[in-house]
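Residues per chain, in single letters:
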Amino acid sequence: MPNILVFIEQRENRIKPASLEALSKATELLRTSGGTLSAVLIGAKEIREQADILGNYGASVVHVFADPQLETYSANTYARLIAETATSAGAEAVFFSATAMGKDLAPRVAVRLQAGIASDCIALELDEKKAIAKRFVYSGKLISTIELTSAIKVVSLRPNSFSIVETKTTRHETKLHDYKPEPFDLKTIVKEIRSLPGKLDVTEADIVVAGGRGMQSEAHFKLIEDLASVLGGAAGASRAVVDLGWRGHSEQIGQTGKVISPKLYIACGISGAIQHLAGIASSKTIVAINKDKDAPIFQVADYGLVGDALEIIPEFIAEMTRVNA
Ligand code: FAD
């Protein structure tokens, strides 16, 4: 079985759960073989304190690049450090989570390593010779199977598609590396990252509540936020409302927005256009609230409520508040 390197993504020195999913999947694949599982963690000085956590999820070696210059994400720098670590660790497979950052990095690392790549995978098998990955195509209507036979395989795993599993053996070695800047690292510089602190992203949430044009106005999105909050989930939106300026693009779900795979997706006042469905195909359970019984969203919904979202959602919130109390 090959050696695997997993890139561990962090935001404000906190490891993203999606990276633990990738690490857990790598642990599962290596369970019965002698391959080494390494992880690579890049960030500010404080990030080194997070290295021990990774041993709990199966990493036997944790490579840490902790430097003030690495605090802000840089595609060129991060890709170079990951590729160099993969080479020095003798990794035949490099895993990413298919987050925005993972999708940006994985192809860059694949080019550097002259590796084959499978992106946004929902299933994965791996042996000495090949990786077999499954991924959605044609807006989630079909699943394609990809076989990678290159010497090095780069794979990104769709968030929420693999379980996080803690391992019993927590012994691991942490290797601290010095960061030596190279001219190419400065080709692009990230000046600012705009994100709302503490806000759960739709790609990482177990529950997503999204609103569409049927919510009637920007003000009514307070209902979407309140329902998401009472369920412990994230708020999302269709493109129509993002185009109207009611919500930010970071919440847009669909072909030109984010692809989500939550355990529960609740679509409120969303018609279910094909471009929207492209982003929700791998949701485990879909609930639709729409006043038009013929809305296309009902064709993919597991549960449907025909009615006015502006009346149903407040009742839903009141009931959940009562249950949670
Ligand atoms: P509408 O289609 O207007 O639907 C509103 C729905 O709300 C209707 O079904 C109506 O019955 C219902 N409704 C109205 N009032 C109420 C009420 N009070 N209670 C309950 N239900 C009510 N769209 C995306 O979402 N994501 C994408 O990434 C995306 N990418 C695109 C890419 C391209 C290239 C193109 C051409 C389009 C893309 N679209 C995308 C747009 C897509 O085609 C639809 O226009 C959009 O999804 C419609 O949004 P909507 O369902 O909110 O609005």
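Whatever comes next refers back to the structure up there.
Model, not experiment: these values are computed from the prediction. (Residues numbered from 1 in each chain as written. Predicted model: local features only at pLDDT ≥ 70, side-chain atom pairs only at ≥ 80, totals over all residues. Heavy atoms only, no water.)

A.B. asks: Help me understand the side chain of K25 in this model?
C.D. replies: Here K25 shows up in helix α1 (residues 17-30). In terms of polar contacts, K25 uses its side chain to reach the backbone carbonyl oxygen of L124, at 3.3 Å. Aside from chain neighbours lying at most four places away, what touches K25 is L124, L157 and F162. (Helix = DSSP H or I, 4+ residues; strand = E, 2+ residues; numbered from the N terminus. Polar contact = N/O pair within 3.5 Å; in protein donor to acceptor, adjacent residues only side chain to side chain. Contact = heavy atoms within 4.5 Å.)

A.B. asks: Looking at this model, I keep getting lost on the sheet that holds strand β8 (residues 123-126). Mind explaining?
C.D. replies: Reading across from one edge, β8-β9-β10 is the order of the three strands in this open sheet, with antiparallel pairing throughout. Strands with a single pairing partner mark the edges of an open sheet, and in this sheet they are β8 and β10 (142-148). In this sheet, neighbouring strand axes are inclined to one another by 20 degrees on average, regardless of whether the strands run parallel or antiparallel. (Pairing = 2+ DSSP bridges. Axes fitted to C-alpha atoms, helices over the stretch in contact; angles between N-to-C directions.)

A.B. asks: I would appreciate a short explanation of unusual backbone geometry in the present structure.
C.D. replies: What you tend to see is this: most non-glycine residues have negative phi, and most peptide bonds are trans. Even without being glycine, N160 reaches a positive phi, approximately 70 degrees. Looking at the secondary structure, you find N160 in the loop between β11 (153-157) and β12 (173-177). N160 gets classed as buried once you look at its relative accessible area, which sits at 14%. In this structure, Q216 is a non-glycine residue whose phi angle is positive, near 75 degrees. Note that Q216 resides in the loop between β13 (207-211) and α5 (221-231). Owing to a relative accessible area of 47%, Q216 belongs among the partly exposed residues under this scheme. (Buried < 20%, exposed > 50% of the residue type's maximum accessible area, 1.4 Å probe, protein only.)

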